[in-house]
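# Commentary on secondary and tertiary structure
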Amino acid sequence: MGKRGGRGGRGRGGGRGGPKNGDQAKDVRGTYAEQPMFNDTFEAYYKAQEILSPEEWATNMETLRSVLPTNFRFAGSKANSAKLLELMKKNYFPSLQDVVIEGEKVPSPEPLPWYPNNFGWQYKATRSAIRSNEGIKKFHEFLMAETECGNVSRQEAVSMIPPLLLGVQPGDYVLDMCAAPGSKTAQLIEAIHSNNEVLPTGLIVANDADYKRAYMLVKQSKRLQSPCLVVTNHEAQFFPYIYYKAKNDESAGEKVLQFDRILCDVPCCGDGTLRKNRMIWKNWHQNDGNSLNKIQLAILIRAIHFLKVGGRVVYSTCTFNPVENEAVVAAALNMCGSAIKLLDVSDHLPNLKRRPGVSSWKVMDPAKNMHDKYETVPEKYQDKKVYPDNFPPENAASLNLDRCLRIIPADQDTGAFFVAVFEKVEPYGGLDEQAAKPATGLKRKAAEEVAEEPRVQLDEQPETSQKKDKNVAWDGKHEEPFVFVPNDHKDITDIVDFYGVKPEFPTDQFVVRSLNPVYKTLYLVSTAVKRLLSAENSSKLKIVNTGVKIMTRVRETATSYTFPYRVVAEGVSTISPYLTDKRVIVCAKEDIKLLLEKEYPMTADMSEMFQKSVAGLATGSFIVRFSPDDDCAGSLHEDIVLPILRSPMSCSLLVAKEERKSLMSRVFGAHFSVQMGLDKDEVAGAKDEAAEDDVSAAPADDE
């Protein structure tokens, strides 16, 4: 959702201040349930705005004081989601009907009426209901198992709206400017992969200003394992210009990085999240929105610079406040003139109840006085606590601000949200001029002119740097570089031979995070990411993570393996379509059960088919493929591939504990006891795998 950047909020995407992660306001079901749910200034401020009638506002206040329902959506491909939806209704819904707990009926799950294909759902079961009812408990376990593997995403309903309106296609270049914690980024990744290609041509850059929250973003997106994703750490309004070529290079081809779609889910005061962040009742202050307006506008203008002509920007917040909503939209429209237009999306998501944007509003000063015009604000507050862009411009009525979307909690039992959708119809600023071919004489709204405005600072074109090594791509300060492994490197040719890698696999897109010639971990990036990492000034990017981990080097002490690289769990789905049957075998259900419940099952205890299949395999890593049958008790309905490490006498499934639990539920419909150390946290094989799978994915290798 829009990120809270005010008092008690999370300074994000250019915002500053707010508590550390451990101090963030908790869910209404948690510790802060006793927090009084009233704030006289909040109510006075919004009643004066007349966003709703007095009767509607009273109803809205009642909704804000109620518990927010749980929402989830089916992720992944349309076909996979449709099968899971059918399975959910068939296997779990019968036990969720007419449930009564402590005299109160628990509503069964309901589809979000506006979410496409009924893939978005709402459920109002409490935690106590989950604990006390077996049917609800099994349904909850189903959701958790499918969430672990990325087929289901728990996400607030209104948070799902901006990515849907962005309209991302598989080949698009997409920038998510204020991305953490990553639920909307996950939607964007799913859209890029919607044609089911393992290596799409598109690109996702997910940025966040907070370094720790950027790692949270990495963890959230890991379930999807996209080689098209780059996670960066910049204040959004200063996101750097990236040049594919030197400034004086006038050869054909793209010169600068621009995007087809940009999401600006900006830092805001967050009062639309009152239902789950009760501390906002106590901490809400009128000054927050007035100050955040400047940052929000700067982020939006930066996005418009990065947008390709014909591209789309979605601006969103989780606040009712017109100073953070329509005021920002109006200022951007006036700054950019005919270069952008505000789109009418009333025909999108037709069953979504939305209110139109407003064209008049008031601004409250620190003394709680309301103002219609900037000129009436006391001088001591002007440009300190209240700013000109907080107010409606004189031409507000002609800007079509009613095309904006206001989502009101009482309308469909949600949080509050604001969305505006822009299209860039003409060049705007220096990047568009750089992107054009030399001497085209494009209409110029110069970046230098915009830079004169202190509210929107644009950095100068950075000087390019000489690469020390032709294989070294990104080389950030104080970080290990991204180094592309040459096609003819012995490790690569050996991997191709040992695993039977097909010729169409892009071995030139393997990257490592060290100049050490003994590679520890191999990552795979898409063509678009490789191009970005290899850009002339890519070192300007503060990259937190990119690439899917495909293989790691087996520990030197493990002398029983004939090959030094093993396939890891995160990368098995990415590389398996490019492998012949040389190191891939079919696995029966009884073998899957044994591999899941034991750490090192003996090969002699496996099925006869399994033993015959591995008999001719050299020790080391291989892959098993399992196809669920019609009587599969769990939710699994499509083939899965899993990495195995074979020693002379046993085999080990290279999957961490939590994913094992998910697989147990998906294949067998229940959790069964794990043996031989897997019931403990300190498991040798799983622990090593989990350590390598930490959220700091793609870390620098040890020298």
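### Describing the overall build of the chain
Scanning the chain from terminus to terminus reveals 21 helices and 29 strands. Restricting to contacts in the chain with at least 6 residues of sequence separation, those with at least 24 account for 75%. Here the chain has roughly 29,100 Å² of accessible surface; of this, 48% comes from carbon and sulfur atoms.

### Regarding helix α11 (residues 326–336)
Across the 11 residues that make up α11, a large majority, 9, are buried. Burial in α11 covers these residues: E326, A327, V328, V329, A330, A331, A332, L333 and C336. Looking at the packing, one finds that the buried side of α11 touches α10 (286–306), β13 (307–317), β14 (340–342), β18 (405–407) and β19 (417–424). One or two residues past the end of α11 sits G337, with phi positive at roughly 60°.

### Re the pairing of strand β28 (residues 640–646)
Judged by how many residues are buried, β28 sits mostly within the fold: 7 of 7 residues are covered. Along β28, one buried face is formed by I640, L642, I644 and R646 and the opposite face, lined by V641, P643 and L645, is buried too. In this structure, strand β27 (residues 620–626) lies alongside β28, joined through 7 bridges in antiparallel fashion. Along β28, the bridge assignment pairs F626 with I640. Strand direction decides the pairing type here: β28 and strand β29 (residues 651–653), joined by 3 bridges, are antiparallel. For L645, the partnering residue across the bridge sits in β29 and is S652. Between β28 and β29, which follow one another and run antiparallel, lie 4 residues.

### Description of the environment of S338
Tracing the chain through its elements places S338 in the loop between α11 and β14. Accessibility expressed as a relative area gives 38% for S338, which makes it partly exposed. In sequence terms S338 and P427 are 89 residues apart; their C-alpha atoms lie 9.3 Å from each other. A distance of 2.9 Å separates polar atoms of two side chains, one belonging to S338 and the other to E426.

### Topic: the side chain of S159
Here S159 shows up in the loop between β7 (152–154) and α6 (161–166). Within the structure, the side chain of S159 is placed 3.3 Å from the side chain of Q155, a separation counted as a polar contact.

### So, the packing of aromatic side chains
Taken as a whole, this structure holds 32 aromatic pairs when the rule is applied. Relative to F391, the ring of Y374 lies with its centre 6.0 Å away and its plane at 75°, an arrangement referred to as edge-to-face. With Y374 in the loop between β17 (370–371) and β18 and F391 in the loop between β17 and β18, the pair connects residues that are 17 residues apart, well separated along the chain. Geometrically, the ring pair formed by Y499 and F563 is edge-to-face, given 5.9 Å between the ring centres and 85° between the ring planes. Pair noted here: Y499 is in helix α15 (residues 490–499) and F563 is in the loop between β24 (548–553) and β25 (565–567), with a separation of 64 residues, a long-range link. Residue classification places Y499 among the buried positions, given a relative accessible area of 1%. Of the aromatic side chains, those joined through ring pairs into one cluster are F72, F74, Y92, F93, W121, Y123, F139 and F142. One Lys or Arg, R513, reaches over the ring of F482 and ends 4.1 Å from the middle of that ring. The ring of Y244 carries the charged tip of R531 above its face, separated from the ring centre by 3.7 Å.

### Side note on the sheet that holds strand β6 (residues 120–123)
Overall, antiparallel pairing links the 4 strands, which are arranged β5-β6-β2-β7 in an open sheet. Strands with a single pairing partner mark the edges of an open sheet, and in this sheet they are β5 (110–111) and β7. Pairing of β5 with β6, which is carried by 2 bridges, proceeds in the antiparallel orientation. Its bridge partner being in β6, E110 is matched across the sheet by Q122. Where helix α5 (residues 134–148) meets the sheet, it contacts β2 (70–74), β6 and β7, and its direction lies at approximately 105° from that of β7.

### Thoughts on the confidence of the model for the chain
In this model, the chain carries an average pLDDT of 85, and 83% of its residues clear a pLDDT of 70 or more. Here residues 7–30 is a poorly scored stretch, pLDDT under 50, and it has 71 contacts once near neighbours within four places are set aside; other chains count.

### So, the sheet that holds β29
Strand order across the open sheet formed by 4 strands is β26-β27-β28-β29, with mixed pairing between neighbours. Two strands bound the open sheet, and with one partner strand each, they are β26 (584–586) and β29. If you compare each strand with its neighbour and ignore which way they point, the axes differ by 35° on average.

### Notes on the environment of Q97
Its location among the elements puts Q97 in the loop between α3 (78–91) and β3 (99–101). Taking C-alpha positions, Q97 is 10.0 Å from I136, a pair spaced 39 residues apart along the chain.

### A short note on the pattern of salt bridges
By the definition in use, this model includes 23 salt bridges. Two residues, K184 and D265, come together in a salt bridge whose shortest N-O distance is 3.1 Å. Of the two residues, K184 is situated in helix α7 (residues 183–192) and D265 in strand β11 (residues 259–265); the sequence distance between them amounts to 81 residues. The exposure class of K184 is buried, given its relative accessible area of 4%.

### A look at the pairing of strand β8 (residues 173–176)
Judged by which residues are buried, β8 turns out to be covered on both faces: Y173 and L175 on one side and V174 and D176 on the other are all buried. Relative to strand β9 (residues 203–207), β8 runs parallel, the two being bridged by 4 bridges. Note on β9: the bridge partner recorded for D176 is A206. Inspection of the sheet shows β8 paired to β11 by 3 bridges, in the parallel sense. Each residue of the ladder has a partner; that of D176, found in β11, is L263.

Criteria and cut-off values
Along each chain, residue indices are assigned from 1 in the same order as the chain's sequence is written. Note on the predicted model: pLDDT of at least 70 is required for a residue's local features to be given, and 80 or more for side-chain atom pairs to be given and counted; whole-chain, interface and lining totals, by contrast, use all residues. No hydrogens and no water enter the side-chain calculation; it runs on all heavy atoms of the structure. Strands are runs of DSSP state E lasting at least 2 residues, helices are runs of H or I lasting at least 4, and numbering of each runs from the N terminus. Residue contacts are defined here by distance: any two heavy atoms, one from each residue, within 4.5 Å place the two residues in contact. Areas reported as accessible are Shrake-Rupley estimates using a 1.4 Å probe. Residue values count occlusion only from the protein chains shown. Each residue gets one of three labels from its accessible area relative to the maximum for its type: buried under 20%, exposed over 50%, partly exposed in between, using a 1.4 Å probe on protein chains only. A pair of strands counts as paired when DSSP detects no fewer than two bridges linking them. The definition of a polar contact used here is a pair of N or O atoms within 3.5 Å, where within protein one atom must be able to donate a hydrogen and the other to accept one, and adjacent residues in sequence count solely through side-chain atom pairs. Pairing of aromatic rings covers Phe, Tyr and Trp, the last counted by its six-membered ring, and requires centre-to-centre distances within 6.5 Å; plane angles under 30 degrees mean stacked, over 60 mean edge-to-face, and any other angle means tilted. A ring has a charge above it when a Lys NZ or an Arg CZ is no more than 6 Å from the ring centre and no more than 35 degrees off the ring normal. Between N-to-C directions, angles cover 0 to 180 degrees, with each direction set by a line fitted to C-alpha atoms, over the stretch in contact for helices. Each residue gets a pLDDT score, which is the predictor's confidence in that residue and runs from 0 to 100. Take a side-chain nitrogen of Lys or Arg and a carboxyl oxygen of Asp or Glu: if they are within 4 Å of each other, that pair is a salt bridge.

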